[in-house]
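So you can see what is in the structure, the chains are spelled out below.
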Amino acid sequence: MCGIAGYTGERNAPKILFDMLKKLEYRGYDSAGVACFYEGKTIVSRGKGKVDEVRKRSKINDLDSKIGIAHTRWATHGEPSDENSHPHSDCTKQFTVCHNGIVENYKELREELTARGHKFLSQTDTEVIPHLIEEIYTGNFETAFVSAVKKLRGSFALVAIDSCSPDEILVARKESPLIIGIGIGENFIASDTPAVLSETKKVIILEDLEYGIIKKNSVSIKRLDTGLPLEKAVQDIKWDVKAAEKEGFDHYMLKEIFEEPAAVKNALKGLDDIKAAAKKLSKYGRIYIVACGTASYAGLVGKYVFERFGICAETVIASEFRYSTVNTTDKKCAVIAVSQSGETADTLASVKEAKNRGAYIVSVVNAVGSSLTRLADDNIYAYSGPEIAVASTKAYVGQATTLTLLALSEARELGKITEAYQNEILDDLHRMPDKINMVLNEREHIKKLALQLRDCKSFFYLGRRLNYPTALEGALKLKEISYVHAEAYPGGELKHGPLALLEKGVPVICVAPNDDLKEKMESNMQEARARKATIIRVAEDGELKVPVCDPILSPILYVVPLHLFAYYLSTGKGIDPDKPRNLAKSVTVE
Ligand code: AGP
């Protein structure tokens, strides 16, 4: 997820564009840049760093320009660096583009364009776009822009300028958001409303496969497929800036839970890299999955899926791995390091130690260009986008999806599953976003249940096999943001001690899909009921309902009601779930 912006009017474009980027930084903040027209040329100023840092060292601030585009980046392809920051230009510097999204066919486009003599300066997918426009251009910017956009596969929100058409900005949208802020004698373009609200509350929302020609006194929107003009409604935005940054949600955490369907979709975009890593992993007899906190529970999901296909994999908490298990590593073993931030001290230290011992390191990471990505031999990105809330939600879903795909790919590589079965699971995974949305639609019921239980002093979460990490994640989420004690156990462990803690009214949340262990979970629930505990089943017919899915994908789906449950119990206790006490988003110290 990145933030893109554009301005055309009578005022100073560089200042307005940097101000707009500042309000879009929640969408990405590892590099930024601005491009403005000035005296017949496009002047570009960009670099690694947050918006204020780039602005401070930029010479473009003093430019008397009235039109330009801008970008604040959350890296997906190519680590954060000056040359990977947007805007990107073609060989002649005539065309300049900012992009939010993923060009899935960028490799083949780049190869074709390179073969035609185009020189690329970055590792980004975006840079193919201005070169594509240059390749197609025969004198009409709009025609070349539309033809180029039609060749892109994947998602995009684009702003583009042509130094030979200095009074217009072209825009296009597919899956990534883009709005046009309507001013008087000026117009604004942005990924999202927070960037324009201080200037105007009148916006046009660009829909998928629409493009536009934006001038200071006119906005023309057309269909990408036919080029036919569209009449677009101008909407009045009622939100203030803070609400708009959360897209109307009360907290970033709730917004990010609602991005969990997209987290599954985005993880699937890494399938090529996942298959490549699986090929290498299949050469190793021992696999350690190393992480901390929520990431370690995603790692545990991976372990169980590996084991489902007869592949040995052990999940070890990084702060334990680095002082003990690492002594068993050598060049015959592989380490999968899982981390949202890619900066967690214990995870990094574990990877360094294992690497020194010759282990093969592959990361499952969200933050491109993070320290972990520079240590790993191969990186698999979850593409979940920036996660602002301290409590990890969509990143967990992205990690669990990625690790499931990794185990599935290795099982296929080793001939342990058929291609038909692999495709069957992939098909179910493609349907997963809709299934998660069905759970999200039940949020009022989940909220009601959470409020009923908000005064309970202690919660138990139970699950078996790959539903045990879901219980662990549910318990951690509750602890993290509602400050209530919660413990997760494998269902079979209850009678080995924890049962003594159960008494009337203690909530026991049981992750109990309709699989071959259902009866076992049922007997656990009977044991708990006999002590008059309050049983809450996460099941197709449970108190926390979920749709039917393949049991091997249940960790991805069954965690969603638990994330919502923790969120509503936290807000029900008057706590701000985005900033829980004592915690930091990334634990970069030991
Ligand atoms: C998750 O909600 C917590 N914020 C915490 O457990 C987190 O998952 C852990 O610190 C690991 O962070 P990482 O994924 O950035 O490495």
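Conventions used here
Residues numbered from 1 in each chain as written. Predicted model: local features only at pLDDT ≥ 70, side-chain atom pairs only at ≥ 80, totals over all residues. Heavy atoms only, no water. Helix = DSSP H or I, 4+ residues; strand = E, 2+ residues; numbered from the N terminus. Rg over C-alpha atoms; globule rule 2.2 N^0.38 Å. Buried < 20%, exposed > 50% of the residue type's maximum accessible area, 1.4 Å probe, protein only. Contact = heavy atoms within 4.5 Å. Areas by Shrake-Rupley, 256 points an atom, 1.4 Å probe, with all protein chains shown as cover. Lys, Arg positive; Asp, Glu negative; His and termini not counted. Charge placed at Lys NZ, Arg CZ, Asp CG, Glu CD. Near = heavy atom within 4 Å. Polar contact = N/O pair within 3.5 Å; in protein donor to acceptor, adjacent residues only side chain to side chain. Nonpolar A, V, L, I, M, F, W, Y, C, P; charged D, E, K, R; others polar.

> How should the overall build of the chain be read in this particular structure?
If you tally the helices and strands in the chain, you get 20 helices and 25 strands. What you see for the chain is a C-alpha radius of gyration of 25 Å, in line with the 25 Å of a compact globule of 590 residues. Along the three orthogonal principal directions, the C-alpha set of the chain runs to about 80 × 55 × 45 Å. The proportion of buried residues among the 590 residues of the chain is 61%. Restricting to contacts in the chain with at least 6 residues of sequence separation, those with at least 24 account for 72%. Total accessible area computed for the chain in this model is approximately 22,700 Å², and 50% of it derives from carbon and sulfur atoms. Taken together, the 79 basic and 81 acidic charged side chains of the chain have centroids lying 2 Å from each other.

> I'm lost on the environment of S220 in this one. Help?
Note that S220 resides in strand 13 (residues 218-223). Under the relative-accessibility criterion, S220 is labelled partly exposed at 26%. Residues S220 and I336, spaced 116 residues apart in sequence, show a C-alpha to C-alpha distance of 49 Å. Non-local contacts of S220, meaning those with residues more than four positions away in its chain, are made with Y211, G212 and I213.

> Would you mind showing me how to read the site of the ligand here?
Around the ligand there are 15 residues in total, and S339, Q340, S341, T344 and E480 lie nearest to it. S339 has a polar side-chain atom sitting 2.6 Å from an oxygen atom of the ligand. Here a nitrogen atom of the ligand sits 2.9 Å away from a polar atom, N or O, in the main chain of V390. For the ligand, the accessible surface in isolation is 410 Å², of which the surrounding protein chains cover 91%. Put simply, the parts of the chain that give the shell around the ligand at least two residues each are helix 10 (293-308) and helix 18 (468-482). Its residues assigned to classes, the shell around the ligand comprises six nonpolar, seven polar and two charged.

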